[in-house]
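Read off the chains here:
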Amino acid sequence: MSQEIGLGTLVEHPVWGRGKAVEVRPPHVVVHFPSLAGSDQGPRRTLQLGAEQLSVSAVQSDPALDGVSVGARKPKKPKPAGEAPRSRVPSVQPLEAVIAWFRTAYPGLFQDPKLVSDELMAKRAAHHRFGELLGQGRGRELLGSGASSEITSKLVELYRATNIPSPFERMAVCDGFKDGAAASRVLKAVLDFVDSPGAETFRGLAEATGSLPVSGRGSKVLTWPNVTLLPFLADPSRFMVLKPAIARQTAARMGFDLQYSASPAWPCYEALQAMSSRLREELRGLGAADYLDVQAFMWVTRGLE
Amino acid sequence: MLGGVHEYRLLILEKHLDSYGHVNNAAYLEILEEARWDLVTRNGYGFDEVHRRKVGPVVLDVHMRFVRELRNRQEVTIRSWLDSYSGKVGKFAQQIVDADGVCCEAQFTIGLFDLTARRLIRPTPDWLRALGLRPEDLAADDRSRGN
């Protein structure tokens, strides 16, 4: 099997998951594993080409890896002697200070009228709308009936119901939903993920979203908000939505390793879920009940640094 | 987004360029404004109508992202659409695109300004039509959506 591994080949590792061969120097191969992105050594590992634990992946395209370039990394410039290492962590407020600010800005905490009207009401309405349109088996029924135009209109309505994806992300995804078959693939992937969350179903969701047709001049269909919005609306007690800037900011505040990758990938989403769960516990005393509350907290505190 | 997407074609000309040989950042705003005027003029709310009514659009805020430079004699399309309208304030999105993709993205916060009273007013049905909307589109979207 190992003889088939060439430059750019996607491979599988039993522990580190899927990776991409970015350098081949027989008898070694250097593999980029997104699951190791947050580790101290970085995402690359040098392995024996004949290593038993390395096998060619059954799929040779993965949104998390397609953008990873191949070739040796540029050598780091040596630092001048005596220069202090620069911090890679941006300056952020500790979580305790952010919570203290939140208490002052929103005296009613998560029932504060301003927070509810500005941030929570529309998102809760969108969550309820998801239930009305696609919950209780209605989504599967729609898929079974092949009513693709109906699926398109329902997905467009849900994407329009919040401002979580940017106007450009929303435009791209709603353009893509005009293709009913592609919209149906996204709905199926969403329901599969919600029913059975995990690496495989997340990959399916990212692939379905990424395969939406774009106008050629459009942009940004495969983005974190576009991929993670619908599970969040489906069940905000279990699923968080990822907006990159505020997720990374929150991770820095909490000292959490988000394993962030620009392309939607399971290790990062799994880490987001763990971080959001921890934050929900921190905020429970303030009345936070679900990830709608957690997301609102992350959003309204984004400007503190 | 509300309503449809307006597309306005434009050829980048020498007047748009700066000493670097690409479109100057300030010229982007003029190009985007030109496309917005084309949209509302085609929908019956052009410059003359603004002055007859003494009510017209104003920009309250803009965020721009320059993705790729625009060069001389490049053919581009400006895509414009209304993203939301809540109370007196609307969110308007524009992209400058060419055959290879997006060159610039901009998000505007807009309002309708009473030139006599010198204050913002709620969008009128004619103004909504100028933006390509029907009143029922607004009713369906007249809510704060939060980020």
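Residues numbered from 1 in each chain as written. Chains lettered and ligands numbered in written order. Predicted model: local features only at pLDDT ≥ 70, side-chain atom pairs only at ≥ 80, totals over all residues. Heavy atoms only, no water.

**Remarks on the overall build of chain B**
No. 1: A tally of regular secondary structure across chain B gives four helices and six strands.
No. 2: The order of helices and strands in chain B, counted from the N terminus, is β-α-α-β-β-β-β-β-α-α.
No. 3: Per-residue burial for chain B yields a buried fraction of 48% across its 147 residues.
No. 4: Across chain B, the fraction of contacts at a sequence separation of at least 24, relative to all contacts at a separation of at least 6, is 67%. (Helix = DSSP H or I, 4+ residues; strand = E, 2+ residues; numbered from the N terminus. Buried < 20%, exposed > 50% of the residue type's maximum accessible area, 1.4 Å probe, protein only. Contact = heavy atoms within 4.5 Å.)

**Notes on the overall build of chain A**
No. 1: Assigned secondary structure in chain A consists of eleven helices and five strands.
No. 2: Relative to a compact globule of 305 residues, whose C-alpha radius of gyration would be 19 Å, chain A shows 21 Å and is just as compact.
No. 3: Based on the C-alpha atoms only, the size of chain A along its principal axes is roughly 65 × 60 × 35 Å.
No. 4: Looking at chain A as a whole, 52% of its 305 residues are labelled buried.
No. 5: Considering only contacts within chain A whose residues lie at least 6 apart along the sequence, 61% involve residues at least 24 apart.
No. 6: Within chain A, one finds 36 positive and 31 negative side-chain charges whose respective centroids are separated by 6 Å. (Rg over C-alpha atoms; globule rule 2.2 N^0.38 Å. Lys, Arg positive; Asp, Glu negative; His and termini not counted. Charge placed at Lys NZ, Arg CZ, Asp CG, Glu CD.)

**Brief notes about the packing of helix H9 (residues 244-254) of chain A against helix H11 (residues 291-300) of chain A**
Residues and elements named next belong to chain A.
No. 1: Their axes nearest at 10 Å, the elements H9 and H11 cross at an angle of 90 degrees. By the angle between their axes, H9 is roughly perpendicular relative to H11. Across the interface between the two elements, Ile-246, Ala-247 and Thr-250 from H9 touch Gln-295, Met-298 and Trp-299 from H11. (Axes fitted to C-alpha atoms, helices over the stretch in contact; angles between N-to-C directions. Parallel < 35°, antiparallel > 145°, perpendicular 65-115°, else oblique.)

**Overview of the nonpolar core**
No. 1: Counting 74 residues, the largest nonpolar core has Phe102(A), Phe232(A) and Phe297(A) as its most contacted members.
No. 2: In terms of residue count, the dominant contributor to this core is helix H6 (residues 180-195) of chain A (nine residues).
No. 3: Judged by nonpolar contacts, the second largest core, of 34 residues, contains Ile12(B), Ala27(B), Leu70(B) and Ile110(B). (Core = buried A, V, L, I, M, F, W, Y, C linked by side-chain atoms within 4.5 Å.)

**Considerations on the environment of Asp66(A)**
All names here are of chain A.
No. 1: Of note, Asp-66 is situated in the loop between strand S5 (55-56) and helix H1 (95-105).
No. 2: Measuring from C-alpha to C-alpha, the distance between Asp-66 and Cys-268 comes to 16 Å, with 202 residues separating the pair along the chain.
No. 3: In this structure, Asp-66 is in contact with Lys-20 and Ser-61, ignoring residues within four places of it in sequence.
No. 4: Among the polar contacts made by the side chain of Asp-66, one reaches the side chain of Ser-61 at a distance of 2.7 Å. (Polar contact = N/O pair within 3.5 Å; in protein donor to acceptor, adjacent residues only side chain to side chain.)

**Structural notes on unusual backbone geometry**
Leave glycine aside and you will find that most residues have negative phi; peptide bonds, for their part, are mostly trans.
All names here are of chain A.
No. 1: In this model, Pro-26 is joined to Pro-27 through a cis peptide bond whose omega is 10 degrees.
No. 2: Mapping Pro-27 onto the fold places it in the loop between strand S2 (17-25) and strand S3 (28-32).
No. 3: Phi is positive for Leu-109, which is not a glycine, with a value near 50 degrees.
No. 4: Position of Leu-109 among the secondary structure elements: in the loop between H1 and helix H2 (113-134).
No. 5: Residue classification places Leu-109 among the buried positions, given a relative accessible area of 18%.

**Re the side chain of Thr162(A)**
All names here are of chain A.
No. 1: The topology assignment puts Thr-162 in the loop between helix H4 (148-160) and helix H5 (167-176).
No. 2: Assessed through its relative accessible area of 0%, Thr-162 is described here as buried.
No. 3: Of note is the side chain of Thr-162, whose polar atom sits 3.1 Å from the backbone nitrogen of Ile-164.

**Considering the state of the cysteines**
No. 1: Enumeration over the complete set of coordinates arrives at zero disulfides over all chains.
No. 2: Free of any disulfide, Cys104(B) has its nearest neighbouring cysteine sulfur in Cys103(B), separated by 8.2 Å. (Disulfide = S-S within 2.5 Å.)

**Focus on a nonpolar patch on the surface**
No. 1: The grouping of Leu7(A), Val24(A) and Val70(A) at the surface amounts to a nonpolar patch, some 230 Å² of accessible area in total.
No. 2: Assignment of secondary structure puts Val70(A) in the loop between S5 and H1. (Patch = residues over 30% accessible without salt bridge, like charges linked within 9 Å, V, L, I, M, F, W, Y side chains within 5 Å. Areas by Shrake-Rupley, 256 points an atom, 1.4 Å probe, with all protein chains shown as cover. Salt bridge = Lys/Arg side-chain N within 4 Å of Asp/Glu carboxyl O.)

**Concerning the environment of Leu120(A)**
All names here are of chain A.
No. 1: Its location among the elements puts Leu-120 in helix H2.
No. 2: Sequence separation of Leu-120 and Gly-131 is eleven residues, and the distance between their C-alpha atoms is 17 Å.
No. 3: Leave out the neighbours within four places in its chain, and Leu-120 touches Phe-110, Leu-115, Leu-292, Asp-293 and Ala-296.

**Looking at H1(A)**
Residue and element names in this part refer to chain A.
No. 1: All buried positions along H1 are accounted for by Leu-95, Val-98, Ile-99 and Phe-102. Projection of H1 onto a plane perpendicular to its axis shows the buried side chains occupying an angular sector of 100 degrees, all on one side. Residues of H1 that are exposed and point more than 90 degrees away from the buried face comprise Glu-96 and Thr-104.
No. 2: The inward-facing, buried residues of H1 abut H2, H9, helix H10 (266-283) and H11. (Arc of directions from axis to C-beta.)

**Some thoughts on the packing of aromatic side chains**
Residues and elements named next belong to chain A.
No. 1: Applying the stated rule across the entire model yields 18 aromatic pairs over all chains.
No. 2: Ring centres of Phe-193 and Phe-239 lie 5.3 Å apart, and the angle between their planes is 45 degrees; on these two criteria the pair is classed as tilted. Taken together, the residues span a long stretch of sequence, with Phe-193 in helix H6 and Phe-239 in the loop between helix H8 (224-234) and H9 at a distance of 46 residues. Summarising the burial analysis for this pair, Phe-193 and Phe-239 share the class buried.
No. 3: Stacked on the ring of Trp-16, the Lys or Arg Arg-45 has its end atom at 5.5 Å from the ring centre.
No. 4: Over the ring of Tyr-291 we find Arg-280, and its NZ or CZ is 4.5 Å from the ring centre. (Phe/Tyr/Trp six-rings, centres within 6.5 Å; stacked < 30°, edge-to-face > 60°. Lys NZ or Arg CZ within 6 Å of the ring centre and 35° of its normal.)

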